[in-house]
Every structure is written in structure tokens, then in C-alpha cells.
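Below, each chain spelled out in residue letters.
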Amino acid sequence: VKASPPEEQVDLDRYARLRAALTAPRQTLEALLDREALDAAVWRQAERYWTKALEQEAKRGKPVLRDRFDDAYVDAWERAQPGRFELWHYACIKQAETDGQLHNELADQGLDAALGMRLRRVWRRRIAADRALAEELDRSLAVVRER
């Protein structure tokens, strides 16, 4: 029986989830792959595959894979850290972006730039898809502006 290709063994959602898990303090790749029962060679090949696919997509300007990756990554990151980033945090980032202080706000929240941008993109889509969440954001932004 022939094994499935690495990109099928580690599909985009799993790849994103594992990349998010690797950001946890003291999480080693070896321990993660062991816990996932995933061969290191398969991981490396899948990582190369998805990195290239995401780069090629970025050149074309249609972020379908990136959005899927971001959604899975942020979901895994948020599950690992419940309450760490919620609507209020997004409102602060959104206001900081308006004020030209995005970099400082990300630093204040303890977020690196890559994670901050992923959170921004995911939350922007969440807000666009949920009218009640958009209204809650408007209320939060009003409070943030008063600070």
C-alpha cells in the first residue's frame, strides 16, 4: 500500500494547527511530531509544499489558502490560550491601526507581527460575517477611543 503524499497526510488545516502549536513555550518539533505520530520527513516535505503553495498564491494576490491557513492557525492558537485575544483586543488593534500605532499596540499585547497580522485578518473576516459582532465592535471601539 502506497502512502499518501505529505500534503495529504498534513493538509493545510493540520499544517496550520501544528505551526500554531510550535509557538507554545518549550514546545519542540520532535515532541510535537511524536505526539502527532508524524514522521519528521513527512513533516518537512509537507512544510515545503505548503510554504511554496502559500508563497505562489501570495504572488497571484488571491489569498484563499492564506485565509484558510490563518483561520486554522488562529483557531488553534485561541484554543490553546482561551481568553488571550478577544473582541476587545481586536478593537484596540483596530484603533491603533487608525492612529498609526499598530506596531506599538501589538507589542503592548505581547504579539509578534506575524501573529498580529493573522489575528487582524481573521477577526476582520469574523466581524464582516457577523452583524452582532460588528455592533459589539463598534461599542468596544467607542470605549477604546475614550481611553
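Basis of the calculations
- Residues numbered from 1 in each chain as written.
- Predicted model: local features only at pLDDT ≥ 70, side-chain atom pairs only at ≥ 80, totals over all residues.
- Heavy atoms only, no water.
- Helix = DSSP H or I, 4+ residues; strand = E, 2+ residues; numbered from the N terminus.
- Expected span 1.5 Å × (residues − 1).
- Buried < 20%, exposed > 50% of the residue type's maximum accessible area, 1.4 Å probe, protein only.
- Arc of directions from axis to C-beta.
- Phe/Tyr/Trp six-rings, centres within 6.5 Å; stacked < 30°, edge-to-face > 60°.
- Lys NZ or Arg CZ within 6 Å of the ring centre and 35° of its normal.
- Core = buried A, V, L, I, M, F, W, Y, C linked by side-chain atoms within 4.5 Å.
- Contact = heavy atoms within 4.5 Å.

Asker: So what exactly am I meant to see when it comes to helix α4 (residues 40-60) here?
Answerer: Along an α-helix, residues three or four positions apart point the same way, because every turn accommodates 3.6 residues. Under the 1.5 Å per step criterion, the end-to-end length of α4 is 30 Å for 21 residues, consistent within 8% with the ideal 30 Å. Within α4 the residues assigned to the buried category are V42, W43, A46, W50, A53 and E57. Viewed end-on, α4 has its buried residues packed into an arc of 105°, placing them on one side of the element. Relative to its buried face, α4 has exposed residues pointing more than 90 degrees away, namely R48, K52, A58 and K59.

Asker: How should the packing of aromatic side chains be read in this particular structure?
Answerer: In this description, an aromatic ring pair is defined by two values, namely the gap between the centres and the angle between the planes. A full pass over the atoms with the stated rule returns 6 aromatic pairs. Note on F69 and Y73: the rings are 5.7 Å apart at their centroids and 35° apart in plane angle, and the pair reads as tilted. One end of the pair, F69, and the other, Y73, are both in helix α5 (residues 64-80), 4 residues apart, so they sit about a helical turn from each other. The pair formed by F69 and Y73 is uniform in burial state, with each residue classed as buried. In this arrangement the basic side chain of R118 is found over the ring face of Y73, its NZ or CZ atom lying 4.3 Å from the centre.

Asker: It is not clear to me how the nonpolar core should be interpreted in this structure. Could you clarify?
Answerer: Nonpolar side chains in soluble globular proteins tend to end up buried together. Grouped together as the largest cluster of nonpolar side chains are 38 residues, with contacts concentrated most on F85, L111, L119 and W123. Of all the secondary structure elements, the ones that give two or more residues to this core are α2 (12-21), α3 (29-35), α4, α5, α6 (87-98), α7 (102-108), α8 (113-129) and α9 (131-146). Among the elements that line this core, the one with the most residues is α5, at 6 residues. If near-sequence neighbours (up to four positions away) are discounted, W123 is found in contact with E78, F85, E86, L87, Y90 and L133.

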